[in-house]
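Survey of secondary and tertiary structure
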Amino acid sequence: YLKDGDLELGESFAISRYLIQKSGNETLIPKDSQWAVEEACAHIATSLNLREGFVTFSAVGEQFFGADPDAMKALAAIAVPQLEKTLAQMERIYFKSSEHFLVGSTYTLADAMVLPRLDMLTLLAKYPVA
């Protein structure tokens, strides 16, 4: 959550964009690839975050929240293929000009947004789904 004068923002992408714009530093959203970075960020904020969240809950819901094991298996049966589809789509759309960055040849806001999601998926290996 960010409050700056009368402005109040509660969404991490909006907060990041605001702070970048306010700083005047274009490093994380370069002018020459602004729309590609913003599109990647929107993809991450919607598709990837949602699907990763469902997969995460299906993996840890029983252990940490007492969720019904059969319900978690059913959720995983739906969520895991959807996540795999989203990741494949992102790989096809992005990583075109570099194998190291989502958009372009430098680290951008898109990379900053995707890294925690990918890190979470790596951690989930400890909690097999289904």
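Above this note sits the structure.
These remarks concern the structure in this document. If you're wondering where the values come from, they're calculated on a predicted model, not measured in any experiment. (Residues numbered from 1 in each chain as written. Predicted model: local features only at pLDDT ≥ 70, side-chain atom pairs only at ≥ 80, totals over all residues. Heavy atoms only, no water.)

Some thoughts on the pattern of salt bridges
Under the counting rule described, the total for this entry stands at four salt bridges. With a closest N to O distance of 3.1 Å, Glu-38 and Arg-17 form a salt bridge. With Glu-38 in helix H2 (residues 34-65) and Arg-17 in helix H1 (residues 12-23), the pair connects residues that are 21 residues apart, well separated along the chain. (Salt bridge = Lys/Arg side-chain N within 4 Å of Asp/Glu carboxyl O. Helix = DSSP H or I, 4+ residues; strand = E, 2+ residues; numbered from the N terminus.)

Comments concerning the packing of H2 against helix H4 (residues 109-123)
Angle between the axes and distance between the axes are the two parameters that describe a pair of packed helices. Direction vectors running N to C along H2 and H4 enclose 15°, while the axes themselves pass 9 Å from each other. Put simply, H2 runs roughly parallel to H4. Where H2 crosses over H4, the two elements pack in a sense that is left-handed. Counted together, Val-37, Ala-40, Cys-41, Ile-44, Ala-45, Leu-48, Asn-49, Glu-52 and Thr-56 of H2 and Leu-109, Ala-110, Met-113, Val-114, Arg-117, Met-120 and Leu-121 of H4 form the full contact between these two elements. Among the residues forming the contact of H2 with H4, the class breakdown is 12 nonpolar, two polar and two charged. (Axes fitted to C-alpha atoms, helices over the stretch in contact; angles between N-to-C directions. Parallel < 35°, antiparallel > 145°, perpendicular 65-115°, else oblique. Left-handed = near helix turned anticlockwise from the far one by under 90°. Contact = heavy atoms within 4.5 Å. Nonpolar A, V, L, I, M, F, W, Y, C, P; charged D, E, K, R; others polar.)

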